[in-house]
Amino acid sequence: MPVVSLAKVVTSPAVAGDLTVRVPFIYGKRLVTNRVSFGKLSRRSCIGHCVRSELQSPRVLGSVTDLALDKSVENGHLPKGDSWAVHKFGGTCVGNSERIKDVADVVVKDDSERKLVVVSAMAKVTDMMYDLIHRAESRDDSYLSALSGVLEKHRATAVDLLDGDELASFLARLNDDINNLKAMLRAIYIAGHATESFSDFVVGHGELWSAQILAAVVRKSGLDCTWMDARDVLVVSPTSSNQVDPDFVESEKRLEKWFSMNSAKVIIATGFIASTPQNIPTTLKRDGSDFSAAIMGALFRSHQLTIWTDVDGVYSADPRKVSEAVVLKTLSYQEAWEMSYFGANVLHPRTIIPVMKYDIPIVIRNIFNLSAPGTMICRQIEDEDGYKLDAPVKGFATIDNLALVNVEGTGMAGVPGTASAIFSAVKEVGANVIMISQASSEHSVCFAVPEKEVKAVSEALNSRFRQALAGGRLSQIEIIPNCSILAAVGQKMASTPGVSATFFNALAKANINIRAIAQGCSEFNITVVVKREDCIRALRAVHSRFYLSRTTLAVGIIGPGLIGGTLLDQIRDQAAVLKEEFKIDLRVIGITGSSKMLMSESGIDLSRWRELMKEEGEKADMEKFTQYVKGNHFIPNSVMVDCTADADIASCYYDWLLRGIHVVTPNKKANSGPLDQYLKIRDLQRKSYTHYFYEATVGAGLPIISTLRGLLETGDKILRIEGIFSGTLSYLFNNFVGTRSFSEVVAEAKQAGFTEPDPRDDLSGTDVARKVTILARESGLKLDLEGLPVQNLVPKPLQACASAEEFMEKLPQFDEELSKQREEAEAAGEVLRYVGVVDAVEKKGTVELKRYKKDHPFAQLSGADNIIAFTTKRYKDQPLIVRGPGAGAQVTAGGIFSDILRLAFYLGAPS
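By convention here, each chain's residues receive numbers from 1 onward along its written sequence. Where local features are concerned, this predicted model is filtered to residues with pLDDT of at least 70; where side-chain atom pairs are given and counted, the filter is 80 or more; whole-chain, interface and lining totals use all residues. Excluding hydrogens and water, the side-chain figures rest on all heavy atoms present in the structure.

Under an unreviewed UniProt entry, the name given to the chain is CASTOR ACT domain, and the organism recorded is Arabidopsis thaliana x Arabidopsis arenosa. UniProt, in its Function (unreviewed entry) section for the chain, records the words "Bifunctional aspartate kinase and homoserine dehydrogenase that catalyzes the first and the third steps toward the synthesis of lysine, methionine and threonine from aspartate." UniProt positions are given in the numbering used here, feature names are shortened, and annotations may be inferred rather than shown by experiment. Recorded in UniProt under Subcellular location (unreviewed entry), the annotation for the chain is "Plastid, Chloroplast".

Draft legend 1. Quick look at the pattern of salt bridges. Think of a salt bridge as a Lys or Arg side-chain nitrogen and an Asp or Glu carboxyl oxygen that are within 4 Å of each other. Taken as a whole and judged by the stated rule, the model has 46 salt bridges. With a shortest N-O distance of 2.7 Å, Arg135 and Asp131 are connected by a salt bridge. Within this pair, Arg135 and its partner Asp131 are both found in helix α3 (residues 125-137), separated by 4 residues, close to a single helical turn. For Arg135, a relative accessible area of 25% puts it in the partly exposed group. A cluster of three or more residues bridged by salt bridges with shared partners is formed by Asp569, Arg572, Asp573 and Arg610. The helix count covers DSSP runs of H or I at least four residues long, the strand count covers runs of E at least two residues long, and both are numbered beginning at the N terminus. The buried label applies to any residue whose accessible area, calculated with a 1.4 Å probe on protein chains only, is under 20% of its type's maximum; exposed applies above 50%, and partly exposed to all values in between.

Draft legend 2. Focus on the side chain of Ser292. Relative to the assigned elements, Ser292 resides in helix α9 (residues 289-300). Judged by its relative accessible area of 1%, Ser292 is buried. Two residues form a contact once any of their heavy atoms are found within 4.5 Å. If near-sequence neighbours (up to four positions away) are discounted, Ser292 is found in contact with Val118, Gly271, Phe272, Ile273 and Leu284.

Draft legend 3. How the structure looks around the packing of helix α5 (residues 164-191) against helix α6 (residues 196-203). Put simply, α5 and α6 touch, their axes get as near as 11 Å, and they point 150° apart. Put simply, α5 runs roughly antiparallel to α6. The handedness of the crossing between α5 and α6 is left-handed. Where α5 approaches α6, its residues Leu181, Met184 and Ile188 are matched on the opposing element by Phe198, Phe201 and Val202. Tallied by class, residues from the contact of α5 with α6 come to 6 nonpolar, no polar and no charged. Only the stretch in contact is used when fitting a helix axis, every axis being a line fitted to C-alpha atoms; angles between N-to-C directions are given from 0 to 180 degrees. Any angle between 65 and 115 degrees counts as roughly perpendicular, while under 35 counts as roughly parallel, over 145 as roughly antiparallel, and the rest as oblique. For any helix crossing, the convention is left-handed if the near helix is rotated counterclockwise from the far helix by under a right angle, and right-handed if that rotation is clockwise. Amino acids outside the nonpolar list (Ala, Val, Leu, Ile, Met, Phe, Trp, Tyr, Cys, Pro) and the charged list (Asp, Glu, Lys, Arg) are all regarded as polar, and Gly is one of them.

Draft legend 4. Representation of the sheet that holds strand β28 (residues 718-724) in the model. Paired strands are those between which DSSP finds at least two bridges. Taken in spatial order, the 5 strands line up as β30-β29-β28-β31-β32 in an open sheet, and their pairing is antiparallel. Pairing within the sheet leaves two strands with one partner each, and these edge strands are β30 (844-853) and β32 (880-885). Pairs of neighbouring strands in the sheet enclose a mean axial angle of 20°, with direction left out of account. Each of β28, β29 (830-839), β30 and β31 (865-872) touches helix α26 (residues 727-735); the most contacted strand, β29, lies at about 155° to it.

Draft legend 5. Inspection of the pairing of strand β20 (residues 525-531) at higher detail. Here β20 lies mainly inside the structure; 6 of its 7 residues are buried. As paired elements, strand β18 (residues 476-489) and β20 share 7 bridges and run antiparallel to each other. Looking at β20, one finds that Val489 is bridged to Asn525. Where strand β19 (residues 514-519) and β20 come together, 5 bridges link them in antiparallel fashion. Bridge pairing in β20 places Ala516 opposite Val529.

If you want it as C-alpha cells, here you go:
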C-alpha cells in the first residue's frame, strides 16, 4: 500500500481557464501517473483538490517504501530487552562530516550486543526545509536555488565520507529525492499553500538523508548495519497542531514485520518522522527526535536510552543565566518531566513518558565531552540527589515572555461553572495555559499564557463575560504583561518541611515581588510568577539559597581613598578563600571616586584596579553608577559600600535601600545627621528585606554596634555608655604625660599620620559627638547632634585660622591651660581622657575632657586604642567593656569587610 509521492506537475492550458495536472505516484519501485483534469478551477483550488483526493484515496496509500519489495523475507523474531541499547544524536551531533565520523565512532565502540541509533537531520537542515516551503508558498522562485543548497550540503558530506558503491547508491537516492521535492514544491508554489501533510513530507527528508549517510559510515567499520525509515514503523495519531500520540500496538506489529525483512545488529533510524494510521507521512513536531528515540526504546525494551547532545547533562539551572549551575548526576522521571515542561531544553517534554513504563533509564551525554558522565534519569533512587545529600530541590527552570490574566469579582464566589466558562473561552482561541492559581475565597482566578496569545485571550474573555462585567458580578479582567515563571523542582520537596519557606525567603531577600503562586498537591514543584526583568535575579537568588552555587554580591565601592583602597586590597587577598570555603563571591563591579569611576559587569580585576582606574576610568556619575550596580540582572543581590565621609553620598542611602540595594558604610553622616532622615532610613530598613550595616561608624573594627544591639535584643536595659571613641584623642592623651606640651604631642601625632590633615577636625570633638549621637539613637534616644554639649579642644582664637599650618604654628601659645589641668589631675592620682557619654537614664549625651583614677580601665589605654564601657541593668556593678584599636585604615576596612560578609551570610551563604 504505497503513499503519495508527487513527482511531477504538468499544466496544459488547452482551454482558457482549464487546468490538467499529471500526478505520478510511487508503487513499490514502479512509477505510475494519473492525469487529472480540473476544468475551470483556479490553480490553488485544483492543487488543493488534487492533494485532498489523492491523499484520501485508499488505492494509493501505503508506506514510503513498499513492504512488498523483492527482498527475501526472513522469518526471524525481533529480540527485545537488555541486548538493545538506544542512542539518539541531535542535529548538532551530525552537523558536518567530522561530527558524523565522531558519532559513528561512538556507535562502533558501544559494546552492547544490539544497537538502535536515532538521528536528527544535519544541523540547520530542518530549518532549511521549512524555509523551502515558506518560499514556495510565497511564490518566491528562490526556493529552487535554496533546494540546490540543500542538495549540495548533503552531496558534499557524502563525498567526504563515502566512496564506491555506497557513495553512488546514496547520490542516486538523493537525486531522486531532490527531483520529487522539486515537484512537490512546484505544486505548493502553484497553490500558494502547503497542507500539513505536504509540509511534513518535505521537512522529513533531512532525517532520511542523515540516517542513510550514518548507516553507510558505520558499515565501513565492518558492522552489520542497516537504516530504518521510521515512517514504516512508527504510527502516531495527531491530537492537536503541536502534539501526537503514539500507537504502540500498531507500531509493534510494523516493527516485527520490518525487522523480519531487515534484521541487523545495528539499526540507524530516522528521528522526528512517522506515519498516521492512514499511512500519511507526519512528524512528531519540533524537537521530536527525542520523542522518537523514547518510543523506539519502549518498542525494543532497551536497557538504556542515551540522548547525545552538546551539553554535559541536565543542569540545576540554565547555565547561560546562572554561571554556577551544576550538572545533576541523577533525576527521577517526574523531576525531569517537570523541568522539561518548565523550559529545561535538554529533553522533549514527552520523552520521559514512553520509557517510564518499562523503567528504561535515560542518560543525557555530551558528544563533544565524552569524559563527562552526564545525567541519568530513572526512578527515584533513595539517598541519591545528584549534587548535595538530601537536597530537596534538584533544579530551577524559567519560562519567559508570559502575561498574567486575572479574572476577579465577588460574583464568582460559589457560582458553579465560572472556571469552566473562563477556560472554555481560552480554549476557543487556542491559547496555551501555562499555570493556574486561584484563591480559596473564589474571588479571583489568575493564569499565565504566552504573551503573543494574551490579546486574543483578553478579547475572548471580555466578549464571554460582557454581561457579568456590566452587571458588576465581575469587577475586572486584568492583563499583566512582561511576566516570567520561575519553578523549583524536586521530588524530595514533598517530604521535606520548610522548602517553600526557604524558597520564598530567598526571593524576599533579593527584593523580588511575587505576582502569583502555584503548587500541585504532588509537591514536586513550586511555581511563581515574577516580573520579567526580575527573573534572572530571582533564579540566581533561589539557586544560591539552596547551596547549589555561591552567594554572589554585586559590590559598588564609593571612595577608593585610604580606607576604600585598603578594603579593595583586603577583598582581593581573601577572594579565593571566600569562594572555596564559604561559597561567597564578592564581585566588585564598580569603583567610583569624586572624578572618575570604573565599571565591569564580570567584575573588576582587583590585582590592578588602581591602574585600570587611571587607564579606563570614565567621568564619575553617581546615578549612572547606582543604576549599573543595581541593574546587573545576573547577580541577585547588590550592595553599595560608602567609604567616604561625604554628607551628599549619605543622603543617597534612603533611595538605594528603596531600590533594593543593600548599604554598608563607615560614614557617620547619615546616622548622626538630621533625626527625621535617620528615622526614615531605619523605618524603611525594618519594613524591607534590604539591609543597612554600619558597624564601622563607631569603633572602626570593634564590635560596638553589634554588642549594643545584642544587649537590647536580649532584653537588657542600657543605663550608660561611656567611652574613648577617638583613636587620635586617645593617642594624644595617652602620650600627654610628664613635661611634654600638648602642642608637641599633637605635632608628633600629625607627623605619624594619627590625625586628620588639619588636626582641628579631631580636636573639635565633632567626630566623637557623631559617635555619641549614633549610640544614643541606637539605644532609643532621640538626640540631635546640634543639641549635644561638646568641649572643643581648639582654643577659640585658633578656630578661625586660615590653614592647618597656621594653626600648628600658633598652638604652643595655648599649651599652658591644658598643662595646668594635667598637673592638677596627676596631683590627685588621676589622668585626663577625652570621652563621650550617653546617659540613657537622663536621656542626654555629652562630649568632654574628664579625669579618671589611674586604676580605672580608661587610664590603662596605650597607643590609639578605643575603649567603651556599657553599664546596663545586667552589667550594673561591673560594666561590659570593649577595647581595642579604634582607628587606622586596616582595622576600619576590616570592620567594613566584616559587615559585607555578615550581609552575605544573611543572604544565604553557609555560616
